[in-house]
Amino acid sequence: MSNFKIKSMKTASVFTGRCKMYRILLALALLLILQNLKIVGAVWRYGFIVEDERLVSINKVVILSHSNEQGGPVIAGWSVPPGCTVQGDPTKVPLLTCASEGYHRVAPLFKEEGYQEEERYIYVSKSYFTFAWYAVIPFNGFLEGGRKILRMWLIDPEQAEFSEIVKGSNYPSQHSYYLSINFHNLGQFPIVTLPDSTQKIYGHFTGYGYWEAIIEWNQPYVTVDISGQLISFQHRFVLDSLHSFYWEPYETFAFTSMPVPIKLAQGLMPVLNQDPCTPHRAVFLTQLAMTLTIDSFKDPRMVYVVPHGYISVPPWGFLEVSDAILLDDGIIFLMYDMLLWRSHRDKVLQIRPEIFFTGVRGMVQRTTCLADHPSQEGVDYGKVLVWTDDTVYIGGSRFTSPHSDGKYFKRLARSRMGGSFRTVAFGSDPNKIAILIMDSYYMVYLYMFNLKTLEFTPKHLLSKIAPDQILRGHIRMRFYESSKESFLMWNETMMWYSFRDDSISGTLSLPGFRDLSTAAGRSWIHEVVIDQNWNLLVKMSNNVVFFCKYGVTKLVRLARWILPSSPASLYSNANKLSFVVSHQDRPVKAYYYPLHLETLSAMFGGDYSCAYVTFKHNMKKYYYLDKGQENAFWAQLVYFEWKGVTIQVLRSNKALLDFDLSRDFELVHQVFTMNMTIKATQKKDFTSEPNYDLEMSLSQGIVRVEVMPNLIGNKCELPRNRVSYFSVGCPPNRHLRVTKPWGVKCEKKTFHNFTIPGSVLRTPQADDVVVIYDWEKYGCVFRMHYKAAFRPDFDLYDGDTFVRTVHSNFVVWEINGRTDFSYNTTMYQAGCLRDAQTWDSILKTTRYPVEQAWGPGIYKSCFVLDDATLGDMNRPYEIMNRSFSNSLTFSKEDSAHYIFTARIVDPNYSFCDLRATFAVQTFGISKPKYEYLILYVTLSFTFICLSILGYAYFKYVQIFRDLQEKKKHS
């Protein structure tokens, strides 16, 4: 440990020297920016009463605001077109309203001459959706069992009270009260949809001016979609919206020693890392402080730590880190070239053996949520990647759930041919990661590493780029969620793209500029964000932002939203709204960023268009397909004639699924409507496969499907759910349930055990067997008359959801080895063309036990003629089916208890090993009334006779001996 401390001290001195150099470079860069741009001293932006740009319509208020740096220009007023008015003090919070639909040029006016800021063209729509849903979980709304009361009412944003605007009200205001009652009288009611669910929860009106609904949710956060009916009041409608709620408590730990704040190391740009599955949780690092939020930056808190062990506090009273990643149970820090851990529980910053290694070059986390992603055997998707010069490690979402060797990180790959790792990233395929390697000759190579097969595959993007262009500063990558590998790679000045497995690649740029640094006034690329609406945002170090849609290769420069000197990052919350998080002032503040309006303003007057009018589909995020199962969905594209646009279906792992596409068209006034029906089916026939298990393994996997137009522009809108995952294999929780026959009793807990005669077992024995019946495991018992034939029927379920009835072939066996049952149909009666398989023939040719002997892998149909011999066709036919009359018959000797297991043996029915257990108790066999009495009397008489004979014998012997004695004495 002492050697480690010396090494860390040396690393710290080197790091301090680098920090000084970064400070000088940063100051020079900012000076160049100020010299080249005269308008950087101030910035203006706008907002709304409710954070939803869809509510911007005619005569609705737009709130204008202006910020400037110290010594910046003083605003004198606002330049607006005719039909728009600005009310209020222009230097404070003026309100803009426009009486006409369209783009309206807005710009600030200054008292000083020579100052000019960027103008914006704010689009005002003629929307009739002007009311909004308000939702709250009241203080008394937390019920037992994870249930919550969701209270909802309607608001008019311009008439709502302040407590409703800031989402702090538990009851409607007077105006909202009467508005909600009026809508209720017209038939309005809310429909609540939980995340990743199709279940609809309908709100009921309480009579107090609000609706209520009960939601069942056990997580400390939830985002619900609230929609209503298309009902108008005064010709105005209600806008559907997302609402997020958090009841996760902030850290309230009492520090046992003086806490120390965390700050970002000097010379580094702000870092914002958010959890992809819980976007309301994030950490934000600047040179001023590190903050943690669990409520989308509504109330961010500073992060403090208690140093432990060899971690000492510098004289300036705070610790500097270069990166931080938020896990479920704590935070991992990158300090110098080593990793440190801080738990949410005790806040102690320490070196832990689970993550103890030095030489760390960087770390990244997943940017897409895989919480509901179908799992694959042997694949650890992970959440965090850490790399050194020659090794890549992967870690999960919880530090307290380490791998089997006690380490949090698992080693994935080592460098080839002595090259060093420059950067890594999670791929479009959750099974893959991307690794950028530089060899000793400064040649750079990009490989995809498969987490399942542990194989490297080269990518060819870098063969089209000069090495000296790549090696300009730190290199980073970001992959799109896509059916094919699609990603972005950038350094400080340039950005490259590769779509659909390198089929489309090039440089992402702003028209008229050779690189992004020049386009942003000699700044450099700070961060790249892909939001949930498939917008690509490239933020520069001077807070200039570029924009384009997914698949578009030309960027658009957006008007500045934040001061160039302000440390800021882009952020997207759980409601899919964009924000700019800034730490210019204390505390950290998140500014709502109306991205759609900003992009429309930036593209106004330019040559920007969209080849289609609307595109939508009904695809879900995840599908599970079993053998022979079909899933159908649709896509619709509306476009003008002669645009050459169509719908394309892109997918990975094409061999796993068959896709059937059908199109129909409708033309009205030169507007085409294309409707596409897409059917995905697993059609592979496993009947004649010689190696069934191998084919089963090769036929399972995940297919990523992407449905999108072939022509996309920056003005186009894409569905949020653009990529769907089809898991081909056994769906989770799929199982069989036996169907209760009509008129048959199913009794519970009527006996504790039962006896099986040893003579009826598959391997006969002299002793009988006593079986303890497990009621919890086997359930109720069907009581059947011993002469009745019984055919068990089954239904297929996913969890508690009914899927379908089972009409496939299955076999049964008695789990205790009983053989005193048979079948009421022979092979001849079943119509077999050859010998049918039986339990005797199966067990003679296999070494497996009964439970594994007869399954889909060895099933042979007797209705297919082959070279098999034709034996005794009067033997019982032992394969059963719902659509066939073959049934079980039971012992005629005695009433009996049977515990059967049924197993599906059809090789084309399911990837699951489907089994079900059921029990049968027969009755009706009556014994003669004095049957046992006669036996007892016979035995008793025999015993008495033998006793008399024995007594007579011993008496005779005694008399004979007495006579002998008398004869001797005489």
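In the block above lies the structure referred to throughout.
Residues numbered from 1 in each chain as written. Predicted model: local features only at pLDDT ≥ 70, side-chain atom pairs only at ≥ 80, totals over all residues. Heavy atoms only, no water.

## Considering unusual backbone geometry
Negative phi is the rule for most residues except glycine; trans is the rule for most peptide bonds. Even without being a glycine, lysine 347 presents a positive backbone phi close to 65°. Checked against the element boundaries, lysine 347 lands in the loop between β26 (338-343) and β27 (348-350). Exposure remark for lysine 347: the relative accessible area of 3% places this residue in the buried category. (Helix = DSSP H or I, 4+ residues; strand = E, 2+ residues; numbered from the N terminus. Buried < 20%, exposed > 50% of the residue type's maximum accessible area, 1.4 Å probe, protein only.)

## What about the sheet that holds strand β53 (residues 701-709)?
Taken together, four strands build an open sheet; the order of strands is β48-β54-β53-β50 and the sheet is mixed. Looking at strand neighbours, the two that pair on one side only are β48 (622-625) and β50 (647-651), the edges of this open sheet. Within the sheet, the average angular offset between the axes of one strand and its neighbour, ignoring direction, is 25°. Bridge count between β53 and strand β54 (residues 723-728): six bridges; the pairing is antiparallel. Bridging across to β54, valine 705 finds its partner in serine 724. (Pairing = 2+ DSSP bridges. Axes fitted to C-alpha atoms, helices over the stretch in contact; angles between N-to-C directions.)

## Let's talk about helix α3 (residues 174-185)
Since the α-helix turns once every 3.6 residues, residues separated by three or four places project in the same direction. Given a rise of 1.5 Å per residue, twelve residues ought to cover 16 Å, and the 17 Å separating the end C-alpha atoms of α3 matches this to within 8%. The inward-facing, buried residues of α3 abut β8 (129-136), β9 (147-155), α2 (162-165), β12 (204-205), β13 (211-216) and β15 (237-239). Immediately downstream of α3, the backbone of glycine 187 shows phi near 105°, a positive value. (Expected span 1.5 Å × (residues − 1). Contact = heavy atoms within 4.5 Å.)

## Overview of the nonpolar core
Counting residues in each nonpolar core, the largest one holds 59 residues, and the members touching the most others are Leu488, Leu536, Val538, Phe546, Tyr612, Val707 and Phe726. Counting residues per element, this core draws most heavily on strand β52 (residues 671-681), at five residues. Every residue in contact with tyrosine 612, bar those within four places of it in the chain, is listed here: Leu637, Val638, Tyr639, Val645, Pro709, Leu711, Cys716, Glu717 and Leu718. (Core = buried A, V, L, I, M, F, W, Y, C linked by side-chain atoms within 4.5 Å.)

## Concerning the environment of arginine 663
Mapped onto the fold, arginine 663 is located in strand β51 (residues 658-668). Judged by relative accessible area, arginine 663 falls into the partly exposed class, the value being 42%. Between the C-alpha atoms of arginine 663 and valine 707, which are 44 residues apart in sequence, the distance is 14 Å.

## A closer look at a nonpolar patch on the surface
Together, Tyr441, Met443 and Tyr445 make up an exposed nonpolar region whose accessible area comes to about 350 Å². Note on tyrosine 445: relative accessible area 35%, which makes it partly exposed. (Patch = residues over 30% accessible without salt bridge, like charges linked within 9 Å, V, L, I, M, F, W, Y side chains within 5 Å. Areas by Shrake-Rupley, 256 points an atom, 1.4 Å probe, with all protein chains shown as cover. Salt bridge = Lys/Arg side-chain N within 4 Å of Asp/Glu carboxyl O.)

## Re the sheet that holds strand β21 (residues 301-302)
Taken in spatial order, the four strands of this open sheet run β18-β19-β20-β21, and their pairing is antiparallel. The open sheet is flanked by β18 (271-274) and β21, the only strands paired with a single partner.

## Points about empty space enclosed by the protein
Tallied over the full model, the rule gives six cavities of 30 Å³ or more. In this structure, the largest cavity is lined by 13 residues; those nearest its centre are Leu55, Lys60, Val61, Pro157 and Glu158. Residue composition of the lining of the largest cavity, by class: eight nonpolar, one polar and four charged. (1 Å grid on protein atoms, 1.4 Å probe; cavity = no way out; pocket = protein on both sides within 12 Å on 5 of 7 lines; lining within 4 Å. Points joined across faces, edges and corners; volume = space filled by probe spheres on them. Nonpolar A, V, L, I, M, F, W, Y, C, P; charged D, E, K, R; others polar.)

## Considerations on the packing of aromatic side chains
One pass over the full model with this rule turns up 67 aromatic pairs. Judged by centre distance (4.4 Å) and plane angle (25°), the rings of tyrosine 134 and tryptophan 153 are stacked. Of this pair, tyrosine 134 sits in strand β8 while tryptophan 153 is found in strand β9, placing the two residues 19 residues apart along the sequence. Note on tryptophan 316 and phenylalanine 318: the rings are 6.4 Å apart at their centroids and 50° apart in plane angle, and the pair reads as tilted. An aromatic cluster of three or more residues is present, and its members are Trp44, Tyr46, Phe48, Trp78, Phe297, Trp561, Tyr571, Phe579, Tyr592 and Tyr593. Sitting over the ring of tyrosine 591, arginine 45 keeps its end group 4.1 Å from the ring centre. Positioned over the ring face of phenylalanine 318 is lysine 263, at 4.2 Å from the centre of the ring. (Phe/Tyr/Trp six-rings, centres within 6.5 Å; stacked < 30°, edge-to-face > 60°. Lys NZ or Arg CZ within 6 Å of the ring centre and 35° of its normal.)

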